[in-house]
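Coordinates in review
Given next are the chains, with one letter for each unit.
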Amino acid sequence: MVMDRRRFAFGALALGVGALASGLPQPAAAKAASGKSASAARSGEPDVLVLGAGISGLQAAWLLEDQGLKVTVIEGRDRVGGRIMTLLDQPGYPEMGFNSMGEGYGRGLDIAARAGVEMQEVGARYRIGPPSLLYIGDTPLTREEWAKFPGNPFPDALKSVLPGELVPMLVAQKTRLADWNSWHDPVNAKLDISLHEFLRQQGLSDQAIHLAYDIAPYYGMNAYDVSALLSEYNDGFVKAQIAAGPNSFAVKGGNLLMPMALAKQMKGDLLLGREIVAIRQDGGRVTVHCADGATFSAPKVICSLPFSALRNVAIEPGLSGIQAQAVAQLGYQPISMVFVTAETPFWEQDGLSPGMWTDGVLGNVIPQRYGDDPQQVTGFIVQARANLANYWDRMGADAAKAMVVARIEALRPAAKGKLAAHSYFSWSQEKFNLGDFSYIAPGQVSWMDEMAKPAGNLFFCGEHTATGARGLEGALESSERVALEVLGM
Ligand SMILES: Cc1cc2nc3c(=O)[nH]c(=O)nc-3n(C[C@H](O)[C@H](O)[C@H](O)COP(=O)(O)OP(=O)(O)OC[C@H]3O[C@@H](n4cnc5c(N)ncnc54)[C@H](O)[C@@H]3O)c2cc1C
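Each chain has its residues counted from 1, running along the sequence as written. With the structure being a predicted model, the display of local features is reserved for residues of pLDDT at least 70 and the display and counting of side-chain atom pairs for 80 or more, all residues being used for whole-chain, interface and lining totals. As a convention, hydrogens and water are excluded, and side-chain values are obtained from all of the structure's heavy atoms.

Further remarks concern the overall build of the protein chain. Along its length, the protein chain carries 17 helices and 21 strands. To get the radius of gyration, use the C-alpha atoms; to get the globule rule, take the number of residues to the power 0.38 and multiply by 2.2 Å. Taken against the 2.2 N^0.38 rule, which gives 23 Å for 489 residues, the C-alpha radius of gyration of the protein chain at 23 Å falls within 12% of a compact globule. Principal axes of the C-alpha set define a box for the protein chain whose edges measure 75 × 50 × 40 Å. Relative to its full complement of 489 residues, the protein chain shows a buried share of 57%. Calculation of accessible area relied on Shrake-Rupley with a 1.4 Å probe; when residues are assessed, cover is drawn exclusively from the protein chains displayed. When the accessible surface of the protein chain is summed, it comes to about 19,400 Å², and 54% of that surface belongs to carbon and sulfur atoms. Each helix is a run of H or I in the DSSP string that is no shorter than four residues. Each strand is a run of E no shorter than two, and both are numbered from the N terminus. Only protein chains enter the accessibility calculation, which uses a 1.4 Å probe. A residue is then buried if its area is under 20% of the maximum for its type, exposed if over 50%, and partly exposed in between.

Below, the structure written as structure tokens:
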């Protein structure tokens, strides 16, 4: 079953790339993209503009260039990679975005090989070390203490499950999907209830859901805000990765090196620092307007912008129906992070876990083991999600960094004077993302099959449009689909 899924991943890649690379003779491919023969295309103008140089945009560009099409990529930031973002100047190269890929990432492993970057196994980073210590208020609790804690709101049979473990565990055990790939099938529309309702059906109280989910929601602002089907889909994808093998891979020296290497392989232009503010279709051509006044046009345009950013771009004629609604309303997860290092290993001094899961303003303290020796803690990502992330953002970077250090020192006196908070990173404050990954609210699963359809000569890709894979693998899945659409296949 899992091997089938792995084969599917590789198979889909082989089908996509194989069909693109050899299925069409070059002139026919160019004609499919431009609506006229390549030689009739206006000299110097691209056949296709790709908007956004994240992984999905770069892969779509490569697939089309491989077919002989002339492609220009336009990117708002001064760098490529989008949500692949490494702090290349800090110890261990901490990742602010994409972390790692599982063994089942057929597309991800393939593109890394093409980029020529060195991959390293990083699964040990996650397996090594004790579980994070739970803090309720200022009280540290071991699993045994938590099971007997008077304020533990979990049902009797689940009292020893830690808050951060409970929801993934229940979703994994009680998923209603026989085949997780069918999560967006209209036949399952009746299952498109909130995660809150799903968890209530598993016997959790509102108080238990608040502690186990709403304090640090994986998707959405709280459990009311996310479809249970999205959690079940993610669970299926994670299970498939685990079944494919225990290894996880990341790029040695930082994941950002991968899109940087891919960008160098582009044959056409890659324009950085060009914020797109309008997309206009007229007379079979699409014109893209940038904030600096520059315009670019082509017969076809692929848009990889997250809908959170696209909703600030004027589109004429306007989109319609569910697609317009999705661009306007699709949710994006607030996540903010502080990167902290410790001068000395305070966790060895106090004998407690370096990791901390708190129900307060400190959020989640996640040890980073990014050195050659996975035993070594190279730093900490302190992470806030949803409302807590918004609170930190309002506090401001300097105040949030100071608060994080003060709270760790208060909870762990052995850390006093030994911590340095280096950088603050908020995905909500990144103007070209305005949130981390997309999420689907209850009742929105039916959007999935509508929101990525081409609108005239404007095509869509990006992680938010993927239906068969999550994260980076989903972004790459969307590039294959959009390349085939542009080629008229
Ligand atoms: C904290 C975090 C952790 C993650 N961890 C993992 C993980 O471990 N495994 C995994 O598989 N996935 C992970 N992901 C998800 C993965 O990084 C994304 O799914 C993937 O990188 C998305 O690629 P994309 O091309 O769809 O979008 P993006 O990377 O967001 O690309 C879109 C591009 O469009 C550009 N853009 C936006 N607006 C404009 C505009 N107006 N004008 C011009 N350009 C614009 C942006 O700058 C960006 O470069 C993580 C993401 C985050 C944020």
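We call a residue near a molecule or strand whenever a single non-hydrogen atom of that residue lies within 4 Å of it. Around the ligand, the structure places 34 residues, and the nearest of them are S56, E75, R83, Y105 and D436. A 3.5 Å cut-off defines polar contacts: any pair of N or O atoms within that distance qualifies, except that in protein one atom must be a possible hydrogen donor and the other a possible acceptor, and neighbouring residues in sequence count only when both atoms are side-chain atoms. Measuring from an oxygen atom of the ligand, one finds a side-chain N or O atom of R77 at 2.8 Å. In the complex, the protein chains occlude 94% of the 1,000 Å² of accessible area that the ligand would expose alone. Of all elements in the fold, only α3 (55-65) and α17 (471-486) reach the threshold of two or more residues within the shell around the ligand.

What follows covers the packing of aromatic side chains. Put simply, two rings from Phe, Tyr or Trp (the six-membered ring, in Trp's case) pair if the centres are within 6.5 Å, and we call them stacked under 30 degrees between planes, edge-to-face over 60, tilted for the rest. Per the counting criterion, the structure on display carries 15 aromatic pairs. Measuring from centroid to centroid gives 5.8 Å for Y105 and F237, while their planes differ by 55°, and the two rings are tilted. With Y105 in the loop between β3 (101-102) and α4 (106-115) and F237 in helix α10 (residues 228-244), this residue pair connects regions lying 132 residues apart in the sequence. Note on accessibility: Y105 and F237 belong to one class, buried. Between W146 and F154 the ring centres are 5.6 Å apart and the planes differ by 85°, which places this aromatic pair in the edge-to-face class. With respect to burial, W146 and F154 carry one shared label: buried.

pLDDT is defined as a per-residue confidence score from the predictor, taking values between 0 and 100. Summarising the model, the protein chain shows a mean pLDDT of 91, and 91% of its residues fall at 70 or more. Every residue in residues 1-42 is under pLDDT 50, and counting partners more than four places away or in other chains gives 67 contacts. Only heavy atoms matter for contacts: two residues are in contact if any of them lie within 4.5 Å across the pair.

Let us now look at the sheet that holds strand β4 (residues 119-121). A strand pair is defined by DSSP finding two or more bridges across the two strands. Spatial ordering of the open sheet is given by β3-β7-β4, a layout of three strands whose pairing is antiparallel. Whereas interior strands pair on both sides, the edge strands pair on one side only; in this sheet they are β3 and β4. As defined by bridge partners, β4 adjoins strand β7 (residues 248-251) across three bridges and the pair is classed as antiparallel. If you follow M119 over to β7, its bridge partner there is V251.

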